[in-house]
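Reading the structure
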Amino acid sequence: MTETDPRHFLDVDDLSAAELDEVLGLAAEYKAEQQAGVLHDDLDNQTLGMVFEKPSTRTRVSFETGMTQLGGHAVFLSDSDLQLGRGEPLKDTSRALSRYVDVLMARLFDHEALEEIADYADVPVVNGLTDDAHPCQTLADLLTIQEHTGGLSEATVAWVGDGNNVAQSFVIGAALAGIDLTVATPEGYEIDADVIERAGELGPAPTVSDDPAAAVDGADVVYTDVWVSMGQEDEREEKLAALDGYQVNDDLLADAADDVAVMHCLPAHRGEEITDDVLESDHAIVWDQAENRLHAQKGLLVWLCEYA
């Protein structure tokens with residue numbers, strides 16, 4: 001057990017602006033040193049427990065690989081691997097796992113379930129995604145924007161599409177980083193009002209619009225995500241109708257900056273929220289964005305375990 005309460009990362013604003021800058025700095029260092037062939041043992045002999053209710057490609061592989069590259073070990077635990085499926089309370093699972101591992105990452109549906117795990121954990125808890133937030137994705141997003149623009153506070157960014165969990169964490173992260181952000185979402189699928197309010201308390205509040213063309217006008221970066229997330233399949237036809245006109249395609253990007261960078265957290269539904277042509281174009285920086293999940297999470301894990 002830890003002697004003091006652990007620091008958790010359940011959403012981006014669990015970090016201050018200065019701490020966010022520190023984590024991103026660590027991430028950039030790890031990326032540069034990995035590319036130079038430098039090996040690390042910062043988390044030597046430490047273990048990450050990974051609890052998954054939702055399937056994943058990038059979250060699982062980036063966390064597991066990151067722990068290996070830091071000299072540690074990761075244990076994958078699906079809901080069928082745990083006693084949760086047989087009725088063990090979350091608080092009991094959290095307290096037991098805290099006696100075995102040095103940090104917990106959970107990818108769940110219900111954000112309140114993640115908060116319960118954190119309430120009873122004696123080790124840092126990291127949000128690998130919930131229906132409300134995806135803060136680790138935001139760390140990778142900010143690292144990617146930093147690499148491809150003159151700096152975070154210099155970037156003009158547009159979010160186009162559904163105001164989902166990825167969007168909500170990005171709004172918070174953009175405010176902390178000082179990004180000029182415009183969010184274009186259709187009626188009924190806006191960013192939650194409390195998220196907009198939180199963002200305004202942390203930094204520049206986003207401009208909110210229902211006009212995707214106006215949002216991307218002059219933008220350095222245009223960001224979108226799937227319109228129908230996991231667990232929303234029964235809403236598919238309704239959401240596709242509401243989001244008609246929000247597709248990121250060549251026509252939409254015509255008024256963006258000439259060297260506009262296009263982001264997508266993946267997986268993409270090509271032909272829905274983004275066209276195949278755009279995703280395969282030189283404007284797309286989605287593979288850098290995907291890679292940066294690895295580096296950003298390495299920075300976060302080391303910060304939580306050694307600096308927080």
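The coordinates are above.
Residues numbered from 1 in each chain as written. Predicted model: local features only at pLDDT ≥ 70, side-chain atom pairs only at ≥ 80, totals over all residues. Heavy atoms only, no water.

1. Observations regarding the side chain of Gln289
- Positionally, Gln289 belongs in helix 12 (residues 286-307).
- Among the residues examined, Gln289 registers a relative accessible area of 1% and is labelled buried.
- One polar contact links Gln289 to Asp141, side chain to side chain, over a distance of 2.9 Å.
- Residues within four places of Gln289 in sequence aside, it is in contact with Gln137, Ala140, Asp141, Thr144, Tyr223, Met263, His264 and Cys265. (Helix = DSSP H or I, 4+ residues; strand = E, 2+ residues; numbered from the N terminus. Buried < 20%, exposed > 50% of the residue type's maximum accessible area, 1.4 Å probe, protein only. Polar contact = N/O pair within 3.5 Å; in protein donor to acceptor, adjacent residues only side chain to side chain. Contact = heavy atoms within 4.5 Å.)

2. Some thoughts on the sheet that holds strand 2 (residues 73-78)
- The sheet built from four strands is open, its strands ordered 2-1-3-4 with parallel pairing. The open sheet has two edge strands, strand 2 and strand 4 (125-129), and neither has a second partner. Neighbour-to-neighbour, the strand axes of this sheet turn through a mean angle of 20°, independent of strand direction.
- With six bridges joining them, strand 1 (residues 47-52) and strand 2 adopt parallel strand pairing. By the bridge assignment, Gly49 is partnered in strand 2 with Val75.
- Strand contacts of helix 2 (residues 58-69): strand 1, strand 2, strand 3 (103-107) and strand 4, with the helix running at about 170° to strand 1, the strand carrying the most contacts. (Pairing = 2+ DSSP bridges. Axes fitted to C-alpha atoms, helices over the stretch in contact; angles between N-to-C directions.)

3. What about a negative patch on the surface?
- Among the surface-exposed residues, Glu53, Asp79, Asp81, Asp110, Glu112, Glu115, Asp119, Asp132, Asp192, Asp194, Glu197 and Glu201 lie close enough to one another that they form a single negatively charged patch.
- Elements with a minimum of two residues in the negative patch: helix 4 (111-120) and helix 7 (193-202).
- Secondary-structure assignment places Asp119 in helix 4.
- A residue is classified by how much of its surface remains accessible, and Asp119, at 63% relative accessible area, is exposed. (Patch = residues over 30% accessible without salt bridge, like charges linked within 9 Å, V, L, I, M, F, W, Y side chains within 5 Å. Areas by Shrake-Rupley, 256 points an atom, 1.4 Å probe, with all protein chains shown as cover. Salt bridge = Lys/Arg side-chain N within 4 Å of Asp/Glu carboxyl O. Lys, Arg positive; Asp, Glu negative; His and termini not counted. Charge placed at Lys NZ, Arg CZ, Asp CG, Glu CD.)

4. Section: the pattern of salt bridges
- The full count for this structure, using the stated rule, is eleven salt bridges.
- The salt bridge involving Arg95 is made with Asp92; its shortest N-O contact spans 2.9 Å. With Arg95 and Asp92 both in helix 3 (residues 90-98) and three residues apart, the pair spans about one turn of that helix.
- Residue classification places Asp92 among the partly exposed residues on the basis of a relative accessible area of 30%.
- Arg270 is the partner of Glu280 in a salt bridge, and the nearest nitrogen-oxygen pair spans 2.8 Å.

5. Observations concerning the packing of aromatic side chains
- Within the structure shown, the criterion is met by three aromatic pairs.
- Aromatic side chains Phe170 and Tyr223 sit 5.2 Å apart centroid to centroid with 85° between the ring planes, which places their arrangement in the edge-to-face category. One end of the pair, Phe170, is in helix 6 (residues 165-177); the other, Tyr223, is in strand 8 (residues 221-224), and 53 residues separate them in sequence. Assigned by exposure class, Phe170 and Tyr223 land together as buried.
- What links up through ring pairs into an aromatic cluster is the set Trp159, Phe170 and Tyr223.
- Between Arg60 and the ring centre of Phe76, over which it is positioned, the NZ or CZ distance is 3.8 Å. (Phe/Tyr/Trp six-rings, centres within 6.5 Å; stacked < 30°, edge-to-face > 60°. Lys NZ or Arg CZ within 6 Å of the ring centre and 35° of its normal.)

6. Side note on unusual backbone geometry
- In this structure, the amide linkage connecting Leu266 to the following residue, Pro267, adopts the cis form with an omega of 0°.
- Positionally, Pro267 belongs in the loop between strand 9 (261-264) and helix 11 (276-279).
- With a phi close to 70°, Asn45 is a non-glycine residue in the positive phi region.
- Counting through the fold element by element, Asn45 comes out in the loop between helix 1 (17-35) and strand 1.
- For Leu266, which is not a glycine, the phi torsion comes out positive at approximately 65°.
- Within the secondary structure layout, Leu266 lies in the loop between strand 9 and helix 11.
- We classify Leu266 as buried; its relative accessible area is 11%.

7. Quick word on helix 6
- The first and last C-alpha atoms of helix 6 sit 18 Å apart over 13 residues, in line with the 18 Å expected at 1.5 Å per residue.
- Judged by how many residues are buried, helix 6 sits mostly within the fold: 13 of 13 residues are covered.
- At the N-terminal boundary of helix 6, the capping side chain belongs to Asn164, with an oxygen 3.2 Å from the backbone nitrogen of Val166.
- Gly178 lies just past helix 6 and shows a positive phi near 80°. (Expected span 1.5 Å × (residues − 1).)

8. Structural notes on the environment of Tyr100
- Among the structural elements, Tyr100 can be located in the loop between helix 3 and strand 3.
- Note on Tyr100: relative accessible area 64%, which makes it exposed.
- For the pair Tyr100 and Leu15, spaced 85 residues apart in sequence, the C-alpha to C-alpha distance is 26 Å.

9. Let's talk about the environment of His134
- Tracing the backbone shows His134 in the loop between strand 4 and helix 5 (135-148).
- For His134, a relative accessible area of 5% translates into the label buried.
- Remark: the alpha-carbon pair of His134 and Ala106, spanning 28 residues in sequence, is separated by 11 Å.
- Apart from residues lying up to four places away in sequence, His134 is in contact with Thr59, Arg107, Gly128, Leu129, Asn165, Val166, Ser169 and Arg293.

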